[in-house]
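Structure at a glance
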Amino acid sequence: MDKIDVNRIMQAIPHRYPFLLIDRMVEIVLGEEATGIKNVSVNEPFFQGHFPERPVMPGVLIVEAMAQAAATLVVLTLGKAFEGKLVYFMTIEGAKFRRPVEPGDQLRIHVKKERNRSNVWKFRGVAKVDDVIVAEATFSAMIMG
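Below you will find a few notes about this structure. (Residues numbered from 1 in each chain as written. Predicted model: local features only at pLDDT ≥ 70, side-chain atom pairs only at ≥ 80, totals over all residues. Heavy atoms only, no water.)

Thoughts on the side chain of Thr-138
On the secondary structure map, Thr-138 appears in strand E7 (residues 132–143). A distance of 3.4 Å separates a polar atom in the side chain of Thr-138 from a polar atom in the side chain of Arg-124. Discounting chain neighbours no more than four positions away, the residues touching Thr-138 are Thr-91, Ile-92, Glu-93, Glu-114, Lys-122, Phe-123 and Arg-124. (Helix = DSSP H or I, 4+ residues; strand = E, 2+ residues; numbered from the N terminus. Polar contact = N/O pair within 3.5 Å; in protein donor to acceptor, adjacent residues only side chain to side chain. Contact = heavy atoms within 4.5 Å.)

This is how it looks when you write it as structure tokens:
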């Protein structure tokens, strides 16, 4: 699968504005890995308070974007029966934030499956802007069937 747009992402996961943090998915290898794209705009609601004088995307939202990219990959892998199902974080490990993400940046979030057992999936996520790592984390989540 080459790429999917935001409409297909919204079929896969239940997130909506203002909390849908993935605009497109590319380089999709079902059951293994994919890259989510987030075009960061100054119009994002979180910039009103984080921080108005120098807007910076909150690190927790970068990790959330990783999780949304992974959840979309999981649903695409498992098929239509899992569309719109809730996916809950179980663990977040080794989260590192290396540089701020600002309005105008394009966040490219690569997620790679480390393992899955039943309805629990573990991923490694790396977020980059202009091929420079800005954040990374390992996380696991459970899809509720």
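Some remarks on the sheet that holds E7
Taken together, seven strands build an open sheet; the order of strands is E1-E2-E3-E5-E6-E7-E4 and the sheet is antiparallel. If you trace the sheet from one side to the other, it starts and ends with strand E1 (3–5) and strand E4 (87–97), each paired once. Across the sheet, the mean angle from the axis of one strand to that of its neighbour is 20 degrees, orientation sign disregarded. (Pairing = 2+ DSSP bridges. Axes fitted to C-alpha atoms, helices over the stretch in contact; angles between N-to-C directions.)

Things to note about the pattern of salt bridges
Here the structure, examined in full by the defined rule, presents ten salt bridges. The residue Glu-44 makes a salt bridge to Lys-38 at a minimum N-O spacing of 2.8 Å. Both residues of the pair, Glu-44 and Lys-38, count as buried. For Arg-124, the salt bridge is made with Glu-136, and the minimal N-O distance between the two is 2.3 Å. Highlighted residues: Arg-124 in strand E6 (residues 120–129) and Glu-136 in strand E7, separated in sequence by twelve residues. One continuous salt-bridge network, built from bridges that share partners, spans Arg-8, Lys-80 and Glu-83. (Salt bridge = Lys/Arg side-chain N within 4 Å of Asp/Glu carboxyl O. Buried < 20%, exposed > 50% of the residue type's maximum accessible area, 1.4 Å probe, protein only.)

Topic: a nonpolar patch on the surface
On the surface, Leu-86, Tyr-88 and Met-144 cluster together into a nonpolar patch covering about 280 Å² of accessible area. By secondary structure assignment, the location of Leu-86 is in the loop between helix H2 (59–78) and E4. (Patch = residues over 30% accessible without salt bridge, like charges linked within 9 Å, V, L, I, M, F, W, Y side chains within 5 Å. Areas by Shrake-Rupley, 256 points an atom, 1.4 Å probe, with all protein chains shown as cover.)

Quick notes on the layout of surface pockets
For the largest pocket, the calculated volume is near 200 Å³. Every residue lining the largest pocket is counted, 16 residues in all, and those nearest its centre are Ala-67, Ala-71, Val-87, Tyr-88 and Ala-141. Of all the elements in the fold, those that place two or more residues in the lining of the largest pocket are H2, E4, E6 and E7. Ranked by residues supplied to the lining of the largest pocket, first place goes to H2 with six residues. The residue makeup of the lining of the largest pocket, split by class, is twelve nonpolar, three polar and one charged. Reported here for the second largest pocket is a volume of approximately 160 Å³. If you trace the second largest pocket, you find it lined by Glu-27, Thr-35, Gln-106, Arg-108, His-110, Val-126, Lys-128, Val-129, Asp-130 and Asp-131. Of all the elements in the fold, those that place two or more residues in the lining of the second largest pocket are strand E5 (106–117) and E6. (1 Å grid on protein atoms, 1.4 Å probe; cavity = no way out; pocket = protein on both sides within 12 Å on 5 of 7 lines; lining within 4 Å. Points joined across faces, edges and corners; volume = space filled by probe spheres on them. Nonpolar A, V, L, I, M, F, W, Y, C, P; charged D, E, K, R; others polar.)

Some points on the pairing of E6
For E6, the tally of buried residues reaches seven of ten residues, placing the bulk of the element in the interior. The sheet contact formed by E5 and E6 spans nine bridges and is antiparallel. Looking at the pairing, Val-111 lines up with Gly-125 of E6. Where E5 hands over to E6, the hairpin turn is made up of two residues, of which Ser-118 adopts a positive phi near 60 degrees. Here E6 runs beside E7; their pairing, made up of ten bridges, is antiparallel.

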